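So the chains spell out like this:
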Amino acid sequence: MMDTVAVNGEVQRLGELRLQDFLQSFFFGAGFFETFLVTGGTPMFLGRHLARLRSSLEAHTGCVRAPPEDVLTVSAVRESLRRCLEADASLGPSFTGVGKLVAGDGRLLLSFRALPAPHAHTVLDEREAHSYRRGDPTLRHKSVSYLRQYAHFGRGVVFANEAGELCEAPNGNLFLLLGETVVTPPLEAPCLPGIIRSVLLEEGRLGDMPVVERPVEREQLEAVRGCILTNSVSLALAVRRLLGRELPGSHALAERARAVVWEYARHEA
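As the structure is a computational prediction, the values presented were derived from the model and not from experiment.

> Give me the packing of aromatic side chains: which residues, what numbers.
The final tally for this structure, using the stated rule, is three aromatic pairs. Geometry around Phe33 places Lys100 over its ring, the cationic atom sitting 4.8 Å from the centre.

Right, dumping it as structure tokens:
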């Protein structure tokens, strides 16, 4: 994490933060977070991230102390981001990296970190079928206590529900090429309502292939010809191998998805 942060719009040094100001979120995970890409000083899909953050806070009124409404607006966060970048020479106005918002304890914390090392593809070879239950609403929110996901980061895991249907990976949503259709699991699977997921569903097509949400059962995996993992930092990552099956169609699928995402980002910026 970079040394400059903002708390409710006030620029501070990371070392100045007081633990007693973040007791609920730090000790009990009573908070929510959003991670977004910043390119050349511009946050990508900030409005969508803030809408999801407000939705999580509204769904847990009384459990998580929300920040003031006036700091949860796009204009307020853009201004906080601008002031942080100008205040820290190691960031600078043209900073490209990762921004993070954490809401809890009546505060909105904005922080920054460098981009992770780029990867052309990933491998998802392990299936975890003991954590997810169909319809579980808690998995639609990026809680600070995102423990099921944290425990599996970097292990190439796919989460499945009790019916054997695919749900998501620890760090993103899944899109699978089945026949001539690109399929992503429905929110009821359950899975996170990812920002990039929503963009691709709004577009509705990747080239000549429709994009739809519907359950993906274990028996369908033999028919998968390509797969991508989507999140707000990597955008669309080719899954080279899924549960032991090589998927040569994943790279072309990822390229098409990234083109759609960048076009949406250009319009929304």
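> Run through helix H5 (residues 195-203), naming residues and quoting values.
Along H5, the residues that are buried comprise Ile195, Ile196, Arg197, Val199 and Leu200. Two residues or fewer past H5, Gly204 is found with a positive phi of approximately 80 degrees.

> Could you give an account of the pattern of salt bridges, with specific residues and numbers?
This structure, assessed with the given rule, holds 17 salt bridges. Linked by salt bridges that have partners in common, Asp125, Arg240, Arg241 and Glu246 make up one network.

> Summarise the sheet that holds strand S10 (residues 166-168); cite the residues concerned and give the values.
Ordered by their spatial adjacency, three strands build an open sheet running S8-S9-S10, and the pairing between neighbours is mixed. The two strands at the open ends of the sheet, each matched to only one other strand, are strand S8 (126-128) and S10. Across the sheet, the mean angle separating the axes of adjacent strands is 45 degrees when strand polarity is ignored. One ladder, built from two bridges, connects strand S9 (residues 157-160) with S10; its direction is antiparallel. Considered in S10, the bridge of Phe159 is made with Glu168.

> Now, about the sheet that holds strand S1 (residues 4-7): what can you tell me, with residues and values included?
With antiparallel pairing, six strands are arranged side by side in an open sheet as S2-S1-S6-S5-S3-S4. For this open sheet the edge positions go to strand S2 (10-13) and strand S4 (42-43), each flanked by a neighbour on one side alone. Direction of pairing for strand S3 (residues 32-39) relative to strand S5 (residues 97-104): antiparallel, over a ladder of seven bridges. Opposite Phe33, over in S5, you have Val102 as the bridge partner.

> Lay out unusual backbone geometry with the relevant residues and their values.
In the segment running from Ala189 into Pro190, the intervening peptide bond is cis, with an omega of 10 degrees. Along the chain, the position of Pro190 falls in the loop between strand S12 (181-184) and H5. Unlike most non-glycine residues, Phe45 shows phi in positive territory, near 55 degrees. Even without being glycine, Leu235 reaches a positive phi, approximately 70 degrees. With respect to the element layout, Leu235 can be found in strand S16 (residues 235-242).

Here is what the cut-offs are and how they apply
Think of each chain on its own: its residues are numbered from 1, step by step along the sequence as written. pLDDT decides what is reported in this predicted model: residues at 70 or higher carry local features, side-chain atom pairs at 80 or more are listed and counted, and totals for whole chains, interfaces and linings draw on all residues regardless. Excluding hydrogens and water, the side-chain figures rest on all heavy atoms present in the structure. Paired rings are identified among Phe, Tyr and Trp, the last through its six-membered ring, by centres lying within 6.5 Å, and are further divided according to the angle between planes into stacked (under 30 degrees), edge-to-face (over 60) and tilted (the rest). We count a charge as sitting over a ring when the NZ of a lysine or the CZ of an arginine lies within 6 Å of the ring centre and within 35 degrees of the ring normal. The buried label applies to any residue whose accessible area, calculated with a 1.4 Å probe on protein chains only, is under 20% of its type's maximum; exposed applies above 50%, and partly exposed to all values in between. Each helix is a run of H or I in the DSSP string that is no shorter than four residues. Each strand is a run of E no shorter than two, and both are numbered from the N terminus. A side-chain nitrogen of Lys or Arg and a carboxyl oxygen of Asp or Glu constitute a salt bridge if their distance falls within 4 Å. A pair of strands is labelled paired if DSSP reports no fewer than 2 bridges between them. The axes used here are C-alpha line fits, helices contributing only the stretch in contact, and every angle between their N-to-C directions lies in the interval 0 to 180 degrees.

In short, the description is geometric, and any link to function would need to be established separately.
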